[in-house]
Amino acid sequence: MLEITYLRENATAAVAGLKKRGLDADQNVKDILKLDELRRQNQNELDQALAESNRISKEIGMLFKEGKREEADAAKARTAELKTRIKELQQEQEQLKHSLEQDLVALPNVPLESVPAGNSEADNEEIKRVGDIKSLPENAKPHWELAEEHKLIRFDLGVKITGAGFPVYQGKGARLQRALINFFLEENIKAGFEEYQPPLMVNEDSGFGTGQLPDKEGQMYHMPEDNLYAIPTAEVPITNIFRDEILANEDLPIKATAYSACFRREAGSYGKDVRGLNRLHQFDKVEVVCLTKPEESMAMLDSMVDHIAGLLEKLELPYRVLRLCGGDLGFTSAITYDFEVWSAAQERWLEVSSVSNFQTFQTNRMKIRYRGEDKKTHLLHSLNGSALALPRIVAALLENHQTDAGIMIPEALRSYTGFEKI
RNA sequence: GGAGAGAUGGCAGAGUGGUCGAAUGCGGUGGUCUUGAAAACCAUUGAGGGUCACACCUCCGGGGGUUCGAAUCCCUCUCUCUCCGCCA
């Protein structure tokens, strides 16, 4: 949710920025500013009425104390009209606040200057490409065939015990999962992130905090008995740890990492490109979440991008980094870099990480603040990224590292897997 | 699942209808003292809205009600804790 103070002062810049998403927000912003204006007028009037009412009440108290019954009763009579007026104004205030909030929540984040305009993947800007795209052996296979052949991942068993999109990992497949989780966590810790183990279910407040609710309600698994939601990413519980907090300067920046299983209903996304590990209902991911002072967030974003690039290089995977165009940008993001790994056998790029700076868009809703030099509270900037999501990494590892002698495990991972090839 | 207790500022904890945004202690910040630190002492210290700045308004778990007036009384919801039962 954008800050109203930002919109008041930067309305034209906001509208111009949103255009890069292919969104004409001119009228929306005007409506918001109008509502804001009305709201403040209404509050002014309401405050005055309340002040008057408070004054009279105090007066009545004094009169009673002095035993002046009759004067007190006379004063009481004066409040009747005031009370109905207050009630009206309060109702109006509620409505105005509600409308304002609704309009604000509906507006996506404003893309930063460096974000290219555009409305599809084609307009994303490739800023980096690393690693050679190897030519694979004649008989190279996609990962789902490799997984079946080596009994690494059992999609059939997952279907039997749960349903499609809930694979069972077996033998070296299971050990590879565990190795990758540990590898990512250890690398993140080395880079200064603190590890957390969050709950895998969250309450409604947390869902609202990170913006999954109310709009993406259908994407989360919901347990109605207890009104809990299965997390779609560790970002949700981790970021919500800091909800409604004013963080101490010495604790900043926050650099958190967490492994979690992630659950996504992926309603309506059946069809092409969902084969094998490409899209699952349950998958594993190691996430990084940062909170910084505003002036430090862009440097933090760069350092996160560098860190994630390092992970992919250690896994010896060819990748590229894209700066997403406005139209491809997530609702809450001001700037996003996508990491894509080349899937040799599928001959397509697979998104394995998305690193974003949300600036105050998330923290405004969650009221995550710090105390500035001026002793006042200010909103922090929030950032997050996957470091990394397992399924597509596994897909890329299997496909890219297949040789006639077997699937080779990258050097950096061997101390974690305990085996060198599959 | 059964029974009971509770929810107040960063924390602990008082406050049962008006002068309470709220005692006191701890913590934080600034200062005095000190070579420095500790201790002691003094001062200061919740959040949000509003304003050029004041004024002013709102907030004592959430919602509703009674009253001229609610942290305090009533209704309701949520959450937490303790004991018993079951159980990893």
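Please read these numbers as outputs of a predicted model, since none were measured by experiment.

Draft legend 1. Quick peek at the protein's contact with RNA strand B. The environment of RNA strand B is formed by 20 residues, the closest being Gln43, Asp47, Ser57, Lys65 and Thr377. The separation between a phosphate oxygen of RNA strand B and a polar side-chain atom of Arg8 is 3.0 Å. In the model, a phosphate oxygen of RNA strand B is placed 3.4 Å from a nitrogen or oxygen of the Lys83 side chain. Mapped by element, the contributors of at least two residues to the surface near RNA strand B are α2 (26–65), α3 (69–105) and β14 (369–371). For the surface near RNA strand B, the element with the highest residue contribution is α2, accounting for 12 residues. Taken together, the residues that form the surface near RNA strand B break down as 4 nonpolar, 6 polar and 10 charged.

Draft legend 2. Spotlight on the pattern of salt bridges. Enumeration over the complete set of coordinates arrives at 21 salt bridges. Asp36 serves as the salt-bridge partner of Arg40, at 3.4 Å between the closest nitrogen and oxygen. In this pair, Arg40 and Asp36 are both assigned in helix α2, 4 residues apart and thus about one turn of the helix distant. Put simply, Arg55 and Glu59 hold a salt bridge, and the shortest N to O gap is 3.7 Å. Here the residue Arg55 and the residue Glu59 both occupy positions in helix α2, the gap between them amounting to 4 residues, near one helical turn. Given the relative accessible area of 45%, Arg55 is considered partly exposed. For Glu59, a relative accessible area of 31% corresponds to the partly exposed category.

Draft legend 3. The packing of helix α6 (residues 172–190) against helix α9 (residues 297–314), seen in detail. It is at 11 Å that the axes of α6 and α9 come closest, and there the two elements cross at 140°. Between α6 and α9, the angle is such that the two are oblique. Here α6 and α9 pass one another in a crossing that is right-handed. Here Phe183, Phe184, Glu187 and Asn188 of α6 lie close against α9, whose contacting residues are His307, Leu311 and Lys314.

Draft legend 4. Broad picture of the domain arrangement of chain A. When the domains of chain A are assigned, the result is domain 1 (4–106) and domain 2 (121–417). Its C-alpha centre places domain 1 at a distance of 43 Å from the equivalent point of domain 2. Here domain 1 meets domain 2 over a buried area of about 460 Å², counting both sides, of which 43% is carbon and sulfur. If you sort the residues of domain 1 by the area they bury against domain 2, Lys20, Arg21 and Val105 come out on top, with a joint share of 86%. Here domain 1 and domain 2 share 0 salt bridges between them. Seen at the junction of domain 1 and domain 2, the total is 4 residue pairs in polar contact (both at pLDDT 80 or more). By residue class, the composition of the side of domain 1 that touches domain 2 is 2 nonpolar, no polar and 2 charged.

What counts as what
Residues numbered from 1 in each chain as written. Chains lettered and ligands numbered in written order. Predicted model: local features only at pLDDT ≥ 70, side-chain atom pairs only at ≥ 80, totals over all residues. Heavy atoms only, no water. Near = heavy atom within 4 Å. Polar contact = N/O pair within 3.5 Å; in protein donor to acceptor, adjacent residues only side chain to side chain. Helix = DSSP H or I, 4+ residues; strand = E, 2+ residues; numbered from the N terminus. Nonpolar A, V, L, I, M, F, W, Y, C, P; charged D, E, K, R; others polar. Salt bridge = Lys/Arg side-chain N within 4 Å of Asp/Glu carboxyl O. Buried < 20%, exposed > 50% of the residue type's maximum accessible area, 1.4 Å probe, protein only. Axes fitted to C-alpha atoms, helices over the stretch in contact; angles between N-to-C directions. Parallel < 35°, antiparallel > 145°, perpendicular 65-115°, else oblique. Left-handed = near helix turned anticlockwise from the far one by under 90°. Contact = heavy atoms within 4.5 Å. Domains from an automatic or database assignment. Buried area = accessible area lost by both parts, 1.4 Å probe.

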